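# Examination of the molecular architecture
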Number of protein chains: 2
Amino acid sequence: MNKINRKLEYALIGLKHMRAKAPGELTSVKELASAYGVPFDAASRVMQVLAQKGVLISEQGAHGGYMIGRDLARLSYAELSEILLGKVAIARCIGDSADEGACEMRGSCNIVTPVQMLNRKINEFYRGLSVAELLGVPSSKKKREPEMPQQNFEAEAEA
Amino acid sequence: MNKINRKLEYALIGLKHMRAKAPGELTSVKELASAYGVPFDAASRVMQVLAQKGVLISEQGAHGGYMIGRDLARLSYAELSEILLGKVAIARCIGDSADEGACEMRGSCNIVTPVQMLNRKINEFYRGLSVAELLGVPSSKKKREPEMPQQNFEAEAEA
DNA sequence: GTTAAATACGATCTTTTTTGTCGTATTTGA
DNA sequence: TCAAATACGACAAAAAAGATCGTATTTAAC
Ligand code: FES
Ligand code: FES
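Let me sum up the structure you'll find in this document.

Thresholds, definitions, all that
Residues numbered from 1 in each chain as written. Chains lettered and ligands numbered in written order. Predicted model: local features only at pLDDT ≥ 70, side-chain atom pairs only at ≥ 80, totals over all residues. Heavy atoms only, no water. Pairing = 2+ DSSP bridges. Helix = DSSP H or I, 4+ residues; strand = E, 2+ residues; numbered from the N terminus. Salt bridge = Lys/Arg side-chain N within 4 Å of Asp/Glu carboxyl O. Core = buried A, V, L, I, M, F, W, Y, C linked by side-chain atoms within 4.5 Å. Buried < 20%, exposed > 50% of the residue type's maximum accessible area, 1.4 Å probe, protein only. Contact = heavy atoms within 4.5 Å. Near = heavy atom within 4 Å. Polar contact = N/O pair within 3.5 Å; in protein donor to acceptor, adjacent residues only side chain to side chain. Nonpolar A, V, L, I, M, F, W, Y, C, P; charged D, E, K, R; others polar. Phe/Tyr/Trp six-rings, centres within 6.5 Å; stacked < 30°, edge-to-face > 60°. Axes fitted to C-alpha atoms, helices over the stretch in contact; angles between N-to-C directions. Parallel < 35°, antiparallel > 145°, perpendicular 65-115°, else oblique. Left-handed = near helix turned anticlockwise from the far one by under 90°. Patch = residues over 30% accessible without salt bridge, like charges linked within 9 Å, V, L, I, M, F, W, Y side chains within 5 Å. Areas by Shrake-Rupley, 256 points an atom, 1.4 Å probe, with all protein chains shown as cover. Lys, Arg positive; Asp, Glu negative; His and termini not counted. Charge placed at Lys NZ, Arg CZ, Asp CG, Glu CD.

## Here's the deal with the pairing of strand S1 (residues 56-59) of chain A
All names here are of chain A. Relative to strand S2 (residues 65-68), S1 is paired through four bridges, and the arrangement is antiparallel. From the neighbouring strand, Glu59 faces S2, where its bridge partner is Gly65. Between S1 and S2, which follow one another and run antiparallel, lie five residues, and Gly61 among them has a positive phi close to 90 degrees.

Okay, structure coming up:
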C-alpha cells in the first residue's frame, strides 16, 4: 500500500526517536509509548518486525530495548514501507501477483497501463527517498535531492 | 486520500471511455457497466458527482447519459482525486483541518514535519499531472513532463 | 534462585473504512 | 402514457485497520 498508516507512523516515530540517541543506547517500547502516546502492543509488534528485518536490533531481558540496526541513509522509504505494508501499490489491482504484474479486474479494464505507470512513478520516488532524508538529517551528512524520476511520462507509457 | 480505490477507478474508466467518443456523444452508465463489468449503482454515483463538479455533463431522460464537460488536459489528477476522495493526504492526520494544517495526535508527535513534507511532494506531483496525460494522450496534443517538483527536499523541510 | 522488566508472538476482538445495494423520485424522448 | 435514463438518500454487507489479550521467553538485579 501507499499510505502512512499506524504501523508506518509508529515505525517512523520510533526510528526518529532512536536516531537521536547515542550509538548503542537502547529504547524500550514503554519509553515510546509514554513519550508519544502510541499504543504499547501495536508499537511493540512494529518494532519486532523491524528487528526481524534488521532495521532495528533488539536486546531482550531486563534492560532490553531496540536500537537502530541499519544506516538509515541506505534504507529507502520504499523498503521500510514494504516491510510493514507490503509492496507499494497505488491500486489494489497491482502488486500481489509478482512484481508489477497483471491486474485482476474481470478481463476488460481500459486503464491498466495508466495505473501501472502512476504506480511505477510513485515507486521510483519512494525508492529514491531514504528514511534518513525523510526524517531530516540530524547533523551534517551529505544531502541528496530525492525527486520523482525524470523520464517523460508519455514516452514511458507506451513502452 | 492517496490511493486509487473503486470510485477513482470507475471515474478513470468512464473518462477514458468517453474521451474516445465524438464530441456530443453520450455514454450511459449501463454502457459502462456492460463494457467493463463495473457495478451500475456505484459507477452511477461516481458519474453524478463528477457531473455536479462539471467534469462531466449529464443529459437526463430517455436517451440520456454523460459526456466530458471539461478539458481533461486542464483537469489535474489531484483535482479529480479530491472530488471523489477528498484532499490528497498521505496520512490521516493531514488534510481535514484546513489546508495542510495541523496534526491530531495527542500532542507530541515527532514526525509532523517529515509527514507534511512527503504529503506536499505527492500533492505537487498529482497537481502537475493532468488526467489527459494520465490516460494517455489519444491523438496529438502537446506533451508535458509531469514530474515531482524539483526543490531540494531538505531545504524545504526546514522552511 | 527468584523476581521484575523487557521482548516475542499468536489469536481474537473491535472499530473504521470501503463497497455495494435498494427504494424512490425525476426527467425526457418516443 | 410508457420506457429508459439520471438523481439521491438510506441502508447493508464486506473488507481492512487497529487495538487488546494471553502466554512464553529472555536477562539483569537482588
Ligand atoms: S483492474 Fe487494474 S487498473 Fe483496472
Ligand atoms: S500525528 Fe500527524 S504525523 Fe504524527
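## Structural notes on the pattern of salt bridges
Summed over all chains, the structure comprises 12 salt bridges over all chains. With a shortest N-O distance of 2.6 Å, Glu31(B) and Lys21(B) are connected by a salt bridge. Here the residue Glu31(B) occupies a position in helix H2 (residues 29-36), and Lys21(B) occupies one in the loop between helix H1 (6-19) and H2, the gap between them amounting to 10 residues. Across the pair Glu82(B) and Lys87(B) runs a salt bridge, and its minimum N-O distance is 3.8 Å. What emerges from the salt-bridge pattern is a single network uniting Glu82(A), Lys87(A) and Arg127(A).

## Some remarks on the nonpolar core
Core analysis: the largest hydrophobic core is formed by 90 residues, its most contacted members being Tyr126(A) and Tyr126(B). If near-sequence neighbours (up to four positions away) are discounted, Tyr126(A) is found in contact with Asn2(A), Ser76(A), Tyr77(A), Ala78(A), Val88(A), Asn2(B), Ile90(B), Leu118(B) and Ile122(B).

## A few points about the protein's contact with DNA strand C
Around DNA strand C sit 26 residues, and of these Ser58(A), Gln60(A), Tyr66(A), Arg92(A) and Gln60(B) come closest. Counting only the atoms of DNA strand C within 4 Å of the protein, the fraction contributed by sugar and phosphate is 77%. Interatomic distance of 3.5 Å between a backbone N/O atom of Ala62(A) and a sugar or linking oxygen of DNA strand C. Going through the elements one at a time, helix H2 (29-36), helix H3 (40-52), S1 and S2 of chain A together with H1 and helix H3 (40-52) of chain B are the ones with two or more residues in the surface near DNA strand C. Residue contributions to the surface near DNA strand C peak at four residues, all from H3(A). The class makeup of the residues in the surface near DNA strand C is eight nonpolar, 12 polar and six charged.

## A look at the environment of Leu134(A)
Residues and elements named next belong to chain A. Checked against the element boundaries, Leu134 lands in helix H6 (residues 131-135). What makes Leu134 buried here is its relative accessible area of 3%. For the pair Leu134 and Lys16, spaced 118 residues apart in sequence, the C-alpha separation works out to 9.8 Å.

## A few points about the protein's contact with DNA strand D
Near DNA strand D you find 26 residues, and of these Gln60(A), Ser58(B), Gln60(B), Tyr66(B) and Arg92(B) are the closest. Looking at DNA strand D alone, sugar and phosphate atoms form 76% of those within 4 Å of the protein. A distance of 3.4 Å is found between a phosphate oxygen of DNA strand D and a backbone nitrogen or oxygen belonging to Arg6(A). One of the side-chain N or O atoms of Arg45(B) is found 3.1 Å from a base nitrogen in DNA strand D. The element that contributes the greatest number of residues to the surface near DNA strand D is H3(B), accounting for four residues. Considering only residue class, the surface near DNA strand D consists of eight nonpolar, 12 polar and six charged.

## Side note on the packing of aromatic side chains
Residues and elements named next belong to chain B. Summed over the entire model, instances satisfying the criterion amount to four aromatic pairs over all chains. Where Tyr77 meets Tyr126, the ring centres are 4.8 Å apart and the plane angle is 85 degrees; that geometry is what we call edge-to-face. With a gap of 49 residues between them, Tyr77 in helix H4 (residues 77-85) and Tyr126 in helix H5 (residues 112-127) connect regions that are remote in the sequence. By relative accessible area, Tyr77 is classed as buried at 1%.

## Some thoughts on the packing of H3(A) against helix H4 (residues 77-85) of chain A
All names here are of chain A. At a minimum axis distance of 10 Å, the contact between H3 and H4 shows a crossing angle of 120 degrees. Regarding the angle of H3 to H4, the classification is oblique. Crossing of H3 against H4: the hand is right-handed. Residues Val46, Val49 and Leu50 of H3 form the contact with H4, whose participating residues are Leu80, Ile83 and Leu84. Class assignment of the residues belonging to the contact of H3 with H4 gives a composition of six nonpolar, no polar and no charged.

## Regarding a positive patch on the surface
On the surface, Lys3(A), Arg92(A), Lys3(B) and Arg92(B) cluster together into a positively charged patch. Among the secondary structure elements, Arg92(A) is positioned in the loop between H4 and helix H5 (112-128). Since its relative accessible area comes to 41%, Arg92(A) is described here as partly exposed.

## So, the packing of H5(A) against H5(B)
Contact geometry of H5(A) with H5(B) gives a least axis separation of 12 Å together with a crossing angle of 145 degrees. Considering how the two elements wind past one another, H5(A) and H5(B) form a crossing that is right-handed. Touching Leu118(A), Lys121(A), Ile122(A), Phe125(A) and Tyr126(A) of H5(A) are Leu118(B), Lys121(B), Ile122(B), Phe125(B) and Tyr126(B), all from H5(B). Of the residues assigned to the contact of H5(A) with H5(B), the class counts are eight nonpolar, no polar and two charged.

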